[in-house]
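# A structural walkthrough
Here is how the chains run, residue by residue.
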Amino acid sequence: MTRVWLAAGWTALAALACSGAEAAPQAGSPPREGWASVSEMLGARCGSLDCHGQSGRPLRLFHNDGLRLADDDAPGAGATTTDEHAANLRAVVGLEPELFARVVAEGGAAPERLTLVRKALGLESHKGGAPFALGTSGDVCLRSWLATKTDEAACATGAQVERP
Amino acid sequence: MTVSSVWPGLAVLLAVALAFGCDDPLRERTIVALGPEAAGVPPGPLHRAGQPCVVCHDGRSSAREFSVAGTVFVTADAPDPAPGVVVELVDADKRTFRAATNCAGNFFVEPADFAPRYPLFVALEAGRYRIEMDTPVQRDGSCASCHDDRTSRSSAGRVYLFGTPRPMDASGCP
């Protein structure tokens, strides 16, 4: 038990050291409409426990098959919760709150201004490579959300991780 | 502010930077947290069942490098090893590799035999019985990184073969 607590302590400290405090989203800036399907997609594709489903990451995502927010939830059990979607929104917007607001205010134009989009496309150094090739459902989902007209179908397709 | 009052602050910062810089102190901490070898089990194929093998077996120490390794238990709620289980690994290039668990429930794969391109899909087989992990592994070759012995916010619990206990053929195991 002590070991667990120690580990938790270390993780928390490492999180502080590596990521800085989480910034609050700017009022009204992030499109909440359709966010749940975007959050599902990001969680399924990027939020595994060995990627962004790790505490201590600047972009930390919750998902039903990854890291859980509530102490009595476990990876692989139940659905992603509303609280988890809300936390994901804070994490995503908190990366670059002002820039986010600007991109959204400009109807989602030039989304590559956002580190999130550049990393997803692999345009910028990213340990996870280039998970969303240009024009694939994950990319379409993200762009449509930034343009405040979330393409739910693209998000649903993008969330599928099929066994070969 | 005097030098002597600044210094302790700097020292703490430096210590924190050294300890938590994003380089790889995590590896060191994780290894320390895993503790010493269990009494009576020498370092080798049967040791450290249930632990994240690749943390140590990562090619950066004397421990032989593994690409994928872990432990399979009979059920999720007890540390009883499941020997003779086939661990099926299918990578992004649709290459399939099969490893088998030993008497400790351990299996390990060397990069020379199979260095998967992620994502990596995993399934377990024992005779005609099969259980699949639905989501793929994205990066971490240690099953136990996500399958701690306790289910939690960040752990899916032990890698297990059966939902409810069934007899296992452990002939040949001590």
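Because the structure is a prediction, the values reported are computed rather than measured.

Attention now goes to the overall build of chain A. Along its length, chain A carries seven helices and zero strands. Counted from the first residue to the last, chain A has its helices and strands arranged as α-α-α-α-α-α-α. Counting the 164 residues in chain A, one finds 43% classified as buried. Contacts in chain A between residues at least 24 apart in sequence constitute 48% of all its contacts with a sequence separation of at least 6. Summed over all atoms, the accessible surface of chain A reaches about 8,000 Å², with 57% contributed by carbon and sulfur.

Our focus in this paragraph is the overall build of chain B. Within chain B one finds three helices and eight strands. Its helices and strands taken in sequence order, chain B reads α-α-α-β-β-β-β-β-β-β-β from the N to the C terminus. Looking at chain B as a whole, 36% of its 174 residues are labelled buried. Summarising the internal contacts of chain B: among those between residues at least 6 apart in sequence, 53% fall at separations of at least 24. As presented, chain B carries roughly 9,800 Å² of accessible surface, and 60% of it is formed by carbon and sulfur atoms.

A few words now on the packing of aromatic side chains. Summed over the entire model, instances satisfying the criterion amount to five aromatic pairs over all chains. Note on Phe66 of chain B and Phe108 of chain B: the rings are 5.0 Å apart at their centroids and 25 degrees apart in plane angle, and the pair reads as stacked. Of the two residues, Phe66 of chain B is situated in the loop between helix H3 (53–56) and strand E1 (68–71) and Phe108 of chain B in strand E4 (residues 106–109); the sequence distance between them amounts to 42 residues. For Phe108 of chain B, a relative accessible area of 31% translates into the label partly exposed. Their ring planes at 10 degrees and their centres at 5.2 Å tell us that Phe97 of chain B and Phe114 of chain B sit as a pair that is stacked. Here Phe114 of chain B lies in the loop between E4 and strand E5 (121–126) and Phe97 of chain B lies in strand E3 (residues 96–100), a separation of 17 residues in the sequence. Through a chain of ring-to-ring contacts, three or more aromatic side chains come together here, namely Trp35, Phe100 and Trp145 of chain A.

Below, the discussion takes up the interface of chain B and chain A. Each partner contributes to the interface: chain B provides 30 residues, whereas chain A provides 30 residues. Where chain B abuts chain A, roughly 2,300 Å² becomes buried across the two surfaces, and 62% of that area is made up of carbon and sulfur atoms. Between the two partners, chain B and chain A, sit one salt bridge. The tally of links from chain B across to chain A stands at eight residue pairs in polar contact (both at pLDDT 80 or more). Elements supplying a minimum of two residues to the side of chain B that touches chain A: helix H1 (3–20), helix H2 (25–34), strand E2 (86–90), E5, strand E6 (129–132), strand E7 (151–152) and strand E8 (155–156) of chain B. A breakdown of the residues in the side of chain B that touches chain A according to their chemical character gives 14 nonpolar, six polar and ten charged.

The next point concerns the sheet that holds E3 of chain B. Residues and elements named next belong to chain B. Ordered in space as E3-E2-E5-E6, the four strands form an open sheet in which the pairing is antiparallel. Pairing within the sheet leaves two strands with one partner each, and these edge strands are E3 and E6. Shown here is a sheet whose adjacent strand axes are inclined to one another by a mean of 20 degrees, direction ignored. Inspection of the sheet shows E5 paired to E6 by four bridges, in the antiparallel sense. Within E6, the residue paired with Glu125 across the bridge is Arg130.

A word on the confidence of the model for chain B. The predicted coordinates of low-pLDDT regions are not to be read in fine detail. Per-residue confidence for chain B gives a mean pLDDT of 88; residues scoring 70 or more make up 87%. Within the model, pLDDT remains below 50 along residues 1–22 of chain B, and this stretch shows 14 contacts once partners closer than five positions in the same chain are excluded.

A separate point is the environment of Asp169 of chain B. Residues and elements named next belong to chain B. By the element assignment, Asp169 lies in the segment after E8. Sequence separation between Asp169 and Ala126 is 43 residues; the distance between their C-alpha atoms is 9.8 Å. Of the polar contacts made by the side chain of Asp169, one reaches the side chain of Ser171; its length is 2.8 Å.

Take the packing of helix H2 (residues 35–46) of chain A against helix H6 (residues 137–146) of chain A next. Residues and elements named next belong to chain A. Between H2 and H6, the least distance of the axes is 10 Å, while the angle of their chain directions is 145 degrees. For the element pair H2 and H6, the recorded crossing hand is left-handed. Contacts between H2 and H6 involve Trp35, Val38, Met41 and Leu42 from the former and Gly138, Cys141, Leu142 and Trp145 from the latter. Of the residues contributing to the contact of H2 with H6, the split by class is seven nonpolar, one polar and no charged.

Take the state of the cysteines next. Taken as a whole, this structure holds two disulfides over all chains when the rule is applied. Residue pairing for Cys141 of chain A: its cysteine sulfur links by disulfide to Cys155 of chain A, the two sulfurs lying 2.1 Å apart. One quick way to see it: the torsion about the S-S bond of Cys141 of chain A and Cys155 of chain A is about 95 degrees, and its sign makes the bridge right-handed. Remark: Cys155 of chain A occurs in helix H7 (residues 152–158) and Cys141 of chain A occurs in helix H6; sequence separation between them is 14 residues. With relative accessibility at 0%, the residue Cys155 of chain A sits in the buried group. Here Cys103 of chain B pairs with Cys173 of chain B through a disulfide, and the sulfurs are 1.9 Å apart. Between Cys103 of chain B and Cys173 of chain B the disulfide shows an S-S torsion of about -90 degrees. By sign, it is left-handed. Pair noted here: Cys103 of chain B is in the loop between E3 and E4 and Cys173 of chain B is in the segment after E8, with a separation of 70 residues, a long-range link. The thiol of Cys53 of chain B is not disulfide-bonded; the next cysteine sulfur, from Cys143 of chain B, is found 7.2 Å away. Among the cysteines around Cys56 of chain B, which has no disulfide bond, Cys53 of chain B carries the closest sulfur, lying 8.7 Å off.

What counts and how
- Residues numbered from 1 in each chain as written.
- Chains lettered and ligands numbered in written order.
- Predicted model: local features only at pLDDT ≥ 70, side-chain atom pairs only at ≥ 80, totals over all residues.
- Heavy atoms only, no water.
- Helix = DSSP H or I, 4+ residues; strand = E, 2+ residues; numbered from the N terminus.
- Buried < 20%, exposed > 50% of the residue type's maximum accessible area, 1.4 Å probe, protein only.
- Contact = heavy atoms within 4.5 Å.
- Areas by Shrake-Rupley, 256 points an atom, 1.4 Å probe, with all protein chains shown as cover.
- Phe/Tyr/Trp six-rings, centres within 6.5 Å; stacked < 30°, edge-to-face > 60°.
- Buried area = accessible area lost by both parts, 1.4 Å probe.
- Salt bridge = Lys/Arg side-chain N within 4 Å of Asp/Glu carboxyl O.
- Polar contact = N/O pair within 3.5 Å; in protein donor to acceptor, adjacent residues only side chain to side chain.
- Nonpolar A, V, L, I, M, F, W, Y, C, P; charged D, E, K, R; others polar.
- Pairing = 2+ DSSP bridges.
- Axes fitted to C-alpha atoms, helices over the stretch in contact; angles between N-to-C directions.
- pLDDT = per-residue confidence, 0-100.
- Left-handed = near helix turned anticlockwise from the far one by under 90°.
- Disulfide = S-S within 2.5 Å.

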